[in-house]
Amino acid sequence: MGLDSVEILVNVENAFGITISNYEAEKIATVGDIHCLVWRTLQGRQSMRCKTQQLFHKLRYTLATKFNVPKETIELDASLNEIFPVANRRLLYRKLEKELQLKLPPLELPPGWVVVLLITGAVLIIGTGIISLVLVLRFHYTRWLYLLPVLGILITKFVSNILDSVRTVFEPALLNDYTRLVLTLNYGTLVQENGTNQKEVELVIDHIIADIAGVEVHEVTPEKHLGNDLGID
């Protein structure tokens, strides 16, 4: 199995609190194979209660009572970027995480800052790469200069860390998609409380695969081959 396949299985194990043997892993070829394997492993922990719905109502209650968000605006198709308070958003977001006692996805950079970071990274990494090539090939400097792009990567990462204070954008923004992502991040904890059901198991697995494969979650369907269709090694 390739690194991506191993990463998927590790994330699945962590999400559901299970262990997948090497023998079982070697028989996996499609998305549906993972669905079936995990569901068989979880037999006896089923529940017809929908944790996605439960989590949405928990989010709705917390936003309305603790953050003064008008309840009528908290719908599945609502954008968190529009309804969640803008002032001191990062501080309030940490408070939301504490109130929910769940792991929440990090806030992202606004589009303008994303462009700034991409340009900075390109200039630093490509620029240092060109400089190192010129110095080594033209002026016969030490080949250690080929490591200059690594310095560009580190500086870019440093700049990215500096920009943490302006990360204020919810991604995904729609409350429906955000709730599903929070469910994926916390499934191992939530399943211990009320059990699970097959539809939610498959949803969490699909999100894990989509994230690692770099595709949209709707592209992850049971019949898709991990390697041939999704490009997972």
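Anything mentioned here points back to the structure above.
It should be emphasised that the depicted structure is a prediction, and the values quoted were computed from it without experimental measurement.

1. Looking at the environment of Leu 124
Relative to the elements of secondary structure, Leu 124 occurs in helix H7 (residues 111-138). Among the residues examined, Leu 124 registers a relative accessible area of 21% and is labelled partly exposed. Separated by 83 residues in the primary sequence, Leu 124 and His 207 have C-alpha atoms spaced 33 Å apart. For Leu 124, the contacting residues outside a window of four places in its chain are Gly 152, Ile 155 and Thr 156.

2. Regarding H7
Counting along an α-helix, one turn takes 3.6 residues, and residues three or four places apart therefore face a common direction. For H7, with 28 residues, the first-to-last C-alpha span of 39 Å sits near the 40 Å given by 1.5 Å per residue. Of all the positions in H7, only Leu 117, Gly 121, Thr 128, Gly 129, Ser 132 and Val 136 are classed as buried. As for H7, its buried residues are in contact with helix H8 (148-162). Phi for His 140, located one or two positions after H7, is positive at around 60°.

3. Structural notes on the environment of Trp 39
Examined against the element boundaries, Trp 39 turns out to sit in helix H3 (residues 31-41). Spatially, the C-alpha atoms of Trp 39 and Gln 53 are 20 Å apart, while their sequence positions differ by 14 residues.

4. So, the packing of aromatic side chains
Applying the stated criterion to the full structure yields five aromatic pairs. Aromatic pair Phe 67 and Phe 84: ring centres 5.6 Å apart, planes at 40°, arrangement tilted. Linking Phe 67 in the loop between helix H4 (51-66) and helix H5 (80-83) with Phe 84 in the loop between H5 and helix H6 (89-100), this pair joins segments that are 17 residues apart in sequence. Judged by its relative accessible area of 6%, Phe 67 is buried. Centroid distance Tyr 93 to Phe 170: 5.3 Å. Interplanar angle 85°. Geometry classified as edge-to-face. Note that Tyr 93 is positioned in helix H6 and Phe 170 in the loop between H8 and helix H9 (175-194), a separation of 77 residues in sequence. Phe 170 sits in the buried class, given a relative accessible area of 2%.

Rules used throughout
- Residues numbered from 1 in each chain as written.
- Predicted model: local features only at pLDDT ≥ 70, side-chain atom pairs only at ≥ 80, totals over all residues.
- Heavy atoms only, no water.
- Helix = DSSP H or I, 4+ residues; strand = E, 2+ residues; numbered from the N terminus.
- Buried < 20%, exposed > 50% of the residue type's maximum accessible area, 1.4 Å probe, protein only.
- Contact = heavy atoms within 4.5 Å.
- Expected span 1.5 Å × (residues − 1).
- Phe/Tyr/Trp six-rings, centres within 6.5 Å; stacked < 30°, edge-to-face > 60°.

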